[in-house]
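Read off the chains here:
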Amino acid sequence: MEKDQMIYGLEKIRDRREAYTLVTHDVVENVDVCVIGSGAAGAIVANKLALQGKSVVLLEKGGYYDAEDMNQRETDMISLLWKNAGATFTDNLRMVIAQGQCLGGSTVINDAVCFKTPQVTRDQWRQMGVSIPDGKWDAALDEVWKNIHVSKVKDYELNENNKTLQRACLQKGYLSSSNDRNCKDCMQCGFCHLGCHYETKQDMLVTYIRKAVRSPDSDIKIYCNCSVEKITYSDGVADGVEGDFVDRTTGAVKFKIRVNAKVIVVSAGAIASSQILLKNAIAPDRAGRGLTFHPASFLLGRFDKPVNAYDGIPMGYTCHQFGVTNGVKDGGFLIESIFLPILQFSLGVPSFFENHQLLMKDYVYYAMAGVMVRDEPVGTVSLTADGSAKVHYDPSSRAMKDFAKGLRVLAEMWFDAGARHVIGGHRDLFVLESRSDIDRMVKAVEENPDGLAIASAHPQGGNRMGDDPSTCVVDSNCRVHGFSNLFVTDASVFPTAVGVNPQVTVMALATLTADYINDSWKSQFAKLPLSSAEGETCSLGQPMYCHSSRLETMFNRQENSMPIETLVNKPGDWSFDKKQLMIRNNNHWKGFFTVDQDLTTMAVKYFGGFWKQFFIKDGKLAGITHPYDAPVFADNIPDMTSHPRYGDVVYLKYTGAEFAMFYDLLKIVDQDTILGKAFFGVPPNGNQILVFSMSRKYNVDFMTETDHEKIYQEHALAPEIDKVVGRWTGRLVSDSAQTPHVQTFTYTKDNFGKLQMQYVFGGLLAGMSRVVLTSEQLLMYDYTNWHDEVRMVTDDFMVGKWCSPPTNIPLDFGPSFLGVETVPGGKRFCLRFTLKRRM
Amino acid sequence: MADTYIAEGRILDEKRKPIKNLYVEAFDDDVGLGPFSSVFGNALSPNDYLGNAFTNKDGVFRIKFKTASFKGKYEVFEGQPDVYLVISDEYGVIKTTAVNNRPKNNRFEFKVTIKDESPFFDPYANSAQRLLTQFTATGQSADPALINPIWTGPLLIRSITSYLHYSDPRVAQLYGNPGPQVSARPKDSPDHEHIIPWRKTK
Ligand SMILES: Cc1cc2nc3c(=O)[nH]c(=O)nc-3n(C[C@H](O)[C@H](O)[C@H](O)COP(=O)(O)OP(=O)(O)OC[C@H]3O[C@@H](n4cnc5c(N)ncnc54)[C@H](O)[C@@H]3O)c2cc1C
Ligand code: SF4
């Protein structure tokens, strides 16, 4: 059987190395394994499972670019290959964090330096509950080493920058060595951070991914430009992944994907993996803690002769003397040679204005190296109101001591090697004119640690690995505690900083995870049922998620397959399925517009919306169409007719004079679904004004105000305090359609065990509310005179209202989403909303 | 029968494999402006609807229609129809064909190849703008209460000036860095050699 082409995405680029297909519609996949992220970890897991006969879907947020697309221009490449185009910072903007975002992940933009996981680190992790025996570690490391073609940098490949560090180390008698790198016949162009144009760097794209895609034995589909947002699960079993195909230029969501899978592996890298877990309320009390960064600070030695450090392998040499590779157990640091293309260089040196110009003018005379500290796991990732990741990190005082020591050592080394002066990253003292300034620099670091410029290319941790489920997110097989088939494997599972450049350790862990899944496939995973959910993708069963072009085609192609009597509604026939969060509403057919994000449709969505009701009147079928926001009830008569273009359709003829120029055509496609078109004119001709769908069942994201009230009254109760603690995201309820997420509520307990709630509305308005629990509901008060009332439906779903104080003024005005209620004391406005624990 | 026509043909993909289950609609282009507006069955469109059919497993379709379909009340000059097809797969329209007005024995024959005709994505377009947009987006994950403006303010300004100044690779040369060793659009010159010219010049 011929296989599908295997890489998909939104960007059609000429002459790709691998077969590529444009994504032009929503996608549903049913596979054995879904892997999220295609970096050091994800690529390996996907490869190993696909080559062992599992069907695999790999989802990657970035795009797919080949070596020949990499043009060594910084602005072009950073914006294509780097996460947030390089602008990822900690919340105080102090530290920039570099990560890749493209097919192959950070391995495409890294410096190709390879270190096996040091014994010291392995032993420490073991003490922290990671039970991976050395034999397994070694085998996995060897396997990776071979597959990514690691070899030692040859002496002739060391450029003057690397050699200067080498000489300085040897002079001091420090333990040091040339690096191992995953590169074959390196062209030594120096542009590693911009992707390797010569395809000599053995990143994930040209090794594991290429092999998986080209092997006739593998069954893999890779979707690029696809950002994963959701993992669905219940009772410790994950059953699917949902994501958005996002247009790089506009940021608009073009299409949706749902992947039903028996095993799900999250490998989105540090920060992003924690973000995905947190968004989905997976290990919410543990995920996002314990981040480490290997923060690095650079020192430039200004030499008399040109060093031309840009020319050649950027990272070729390392001083091990003070680091984990020399057996240092407690923190420590490595000194690594490095150099940067000019834009990154100019961004990396912390100087200003004329100072900066002076510095840049000597670009070719600098030798550069960084002190990379093995820091403590004290960083955190949390979610902002809109679900973005917020990284908080203050290096510990021990880490700062290591910086002080490391910078001293490195400065001395540069002076020993003959540097005229040395330039550092502390804002109180950029230039060390002579050796005697070293003490001043060290003092500056000690006295004003915040003044030291630091950067990170090695974020790690956040989803700690270890056998204790109360403190760790994943166990020693990288399986999320409390789940049978959900794994996280990437740099985020490191319990502490590994102490050396991390890619090979990430790859080894991924190798072990893939082996575990393969080995236990039959006993644990093969028999898991595959979900049939469709997420938020468009289909006949859920036309409310369709774009107009797709709905149009559906209408044209689909036959009316039900008798016209199917139309008849049964008022009072309303039910709510708590488990599925689905509403069945046979009071009328709820109408849905298409999801196209153009302005007119959006306006119609939020301020329009309609229902149609059908009944038997005087023995004949009759109907009413009602827009939610206007007191209009348009009478109509449905009749079956044969249309020259659409075949058998229900022809809806409006009887009132004011609507006589309109008609609808409907196709009833199943018991609960109708596709429709509205026309202006005279049938069979007529000017089509709208394509829409109608349904008798929809999920709670589409609920009407009446649905909300029923659920609030009949299916919801006052919550228990412990059950509400955590983060909830909310949508407003509007009759017409689904509204976007507008608020987040975070409930916490204060020191006295009292509940409090922090709210953020629209990403802007933030504040704290007092929480009062009554037997009826949860009440929340802030400084305004409106208050919230909330009830719980399930552990993950609540409904609420934000209400004004009662008044006697007549309240029959205002937009429809502000409902009016009668309560003791008068009438009040209420804004209705829903709250979900998972975004 | 003289007043019965047939539009028929075969639809193949680029590899000349037949495509089944495509929905083919035939229209008559009345005003001679080509297939322009009738895709959505627009009443104001003068184009007449002739019929539809699905392709079978061999990619073959066949649509029969009669004179009455295209001879409207006022179309006294209409001789024979100018037929074109609108073809959709499950997800939407994938092709609108050119007009065929040369029937043989009342048969309009169509040979259609479905190619991916969507435009290429330019990976290098607007890079600088994309970068700066991302820069502004950084604000979302930042916490104003924690930022030290004395330090960060100038750093951000400098970063932006750096982007503006050093983005042009020619500027690098002023500082002694020969800059990129490949052309800005390497795929435009597929035979380019992989050498590092700067080594030669040094
Ligand atoms: C500039 C730089 C230089 C480096 N140099 C070295 C070096 O020389 N040696 C070394 O050992 N290490 C180096 N590293 C670090 C190393 O590359 C990383 O530690 C390693 O790649 C981490 O692997 P990972 O699988 O955890 O994440 P990554 O490799 O970063 O992969 C994660 C992938 O997940 C994708 N993703 C994120 N969120 C989503 C989502 N929501 N949906 C779908 N996909 C998503 C990302 O786009 C990315 O492609 C360097 C890193 C950088 C940035
Ligand atoms: S230095 Fe070597 S590995 Fe790095 S980009 Fe150039 S050729 Fe590739």
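These notes cover the structure that comes with them.

What counts and how
- Residues numbered from 1 in each chain as written.
- Chains lettered and ligands numbered in written order.
- Predicted model: local features only at pLDDT ≥ 70, side-chain atom pairs only at ≥ 80, totals over all residues.
- Heavy atoms only, no water.
- Helix = DSSP H or I, 4+ residues; strand = E, 2+ residues; numbered from the N terminus.
- Rg over C-alpha atoms; globule rule 2.2 N^0.38 Å.
- Buried < 20%, exposed > 50% of the residue type's maximum accessible area, 1.4 Å probe, protein only.
- Contact = heavy atoms within 4.5 Å.
- Areas by Shrake-Rupley, 256 points an atom, 1.4 Å probe, with all protein chains shown as cover.
- Lys, Arg positive; Asp, Glu negative; His and termini not counted.
- Charge placed at Lys NZ, Arg CZ, Asp CG, Glu CD.
- Pairing = 2+ DSSP bridges.
- Axes fitted to C-alpha atoms, helices over the stretch in contact; angles between N-to-C directions.
- Parallel < 35°, antiparallel > 145°, perpendicular 65-115°, else oblique.
- Left-handed = near helix turned anticlockwise from the far one by under 90°.
- Nonpolar A, V, L, I, M, F, W, Y, C, P; charged D, E, K, R; others polar.
- Buried area = accessible area lost by both parts, 1.4 Å probe.
- Salt bridge = Lys/Arg side-chain N within 4 Å of Asp/Glu carboxyl O.
- Polar contact = N/O pair within 3.5 Å; in protein donor to acceptor, adjacent residues only side chain to side chain.
- Phe/Tyr/Trp six-rings, centres within 6.5 Å; stacked < 30°, edge-to-face > 60°.
- Lys NZ or Arg CZ within 6 Å of the ring centre and 35° of its normal.

For chain A, the helix and strand inventory stands at 17 helices and 45 strands. Relative to a compact globule of 839 residues, whose C-alpha radius of gyration would be 28 Å, chain A shows 31 Å and is just as compact. Taken along its principal axes, the extent of the C-alpha atoms in chain A is 105 × 65 × 55 Å. Here chain A holds 839 residues, and the buried ones make up 64% of them. Nonlocal contacts in chain A, meaning residues at least 24 apart in sequence, comprise 65% of its contacts between residues at least 6 apart. Here chain A has roughly 30400 Å² of accessible surface; of this, 53% comes from carbon and sulfur atoms. Of the charged side chains in chain A, 88 are positive and 98 negative; the average position of the first set lies 2 Å away from that of the second.

Residue and element names in this part refer to chain B. Ordered by their spatial adjacency, 4 strands build an open sheet running 3-2-5-6, and the pairing between neighbours is antiparallel. The open sheet is flanked by strand 3 (48-54) and strand 6 (92-96), the only strands paired with a single partner. For this sheet, the mean angle separating the axes of adjacent strands, direction not counted, is 25°. Where strand 5 (residues 83-89) meets strand 6, 4 bridges bridge the pair, whose relative direction is antiparallel. Across the sheet, residue Ile87 finds its bridge partner in strand 6, namely Lys95.

This brings us to the packing of helix 3 (residues 119-127) of chain A against helix 4 (residues 134-147) of chain A. All names here are of chain A. Viewed as axis vectors pointing N to C, helix 3 and helix 4 meet at an angle of 135°, and their least axial separation amounts to 12 Å. On the basis of the axis angle, helix 3 is oblique to helix 4. In this structure, helix 3 crosses over helix 4, and the sense of that crossing is right-handed. Between helix 3, through Gln119, Arg122, Trp125 and Arg126, and helix 4, the contact on the second element is made entirely by Asp134, Trp137, Asp138 and Leu141. Across the contact of helix 3 with helix 4, the residue classes tally to 3 nonpolar, 1 polar and 4 charged.

With 76 residues of chain B in contact, the opposing surface of chain A contributes 80 residues. With both chains or domains summed, chain B and chain A bury close to 7100 Å², and 58% of this area falls on carbon and sulfur atoms. Along the contact surface separating chain B from chain A lie 5 salt bridges. A salt bridge links Lys12(A) to Asp116(B); the nearest nitrogen and oxygen atoms lie 3.5 Å apart. Our enumeration of links across chain B and chain A arrives at 32 residue pairs in polar contact (both at pLDDT 80 or more). Counting residues per element, the side of chain B that touches chain A draws most heavily on helix 3 (residues 149-166) of chain B, at 10 residues.

All names here are of chain A. With respect to topology, 3 strands assemble into an open sheet ordered 26-27-36, the strand pairing being antiparallel. With partners counted over all chains shown, the strands left at the sheet margins are strand 26 (574-577) and strand 36 (697-699), one partner each. Ignoring strand direction, the axes of neighbouring strands in this sheet form an average angle of 20°. Packed onto the sheet, helix 16 (residues 705-714) meets strand 26, strand 27 (582-585) and strand 36 and runs at close to 65° relative to strand 26.

Moving on, we come to the pairing of strand 3 of chain B. All names here are of chain B. Buried residues dominate strand 3, accounting for 5 of its 7 residues. Note: strand 2 (residues 23-28) against strand 3, 6 bridges, orientation antiparallel. Within strand 3, the residue paired with Val24 across the bridge is Ala53.

Looking now at the packing of aromatic side chains. All names here are of chain A. Under the counting rule described, the total for this entry stands at 40 aromatic pairs over all chains. Both rings, one in Tyr654 and one in Phe659, keep their centres 6.3 Å apart while their planes meet at 55°; by these two values the pair is tilted. You can call Phe659 partly exposed: its relative accessible area is 22%. Taken together, Tyr310, Phe339, Phe345, Tyr363 and Tyr366 form an aromatic cluster joined through their ring pairs. Positioned above the aromatic ring of Tyr712 is the side chain of Lys801, whose terminal nitrogen or guanidinium carbon lies 4.5 Å from the ring centre. We note Arg838 situated over the ring of Tyr233; from NZ or CZ to the ring centre the distance is 3.5 Å.

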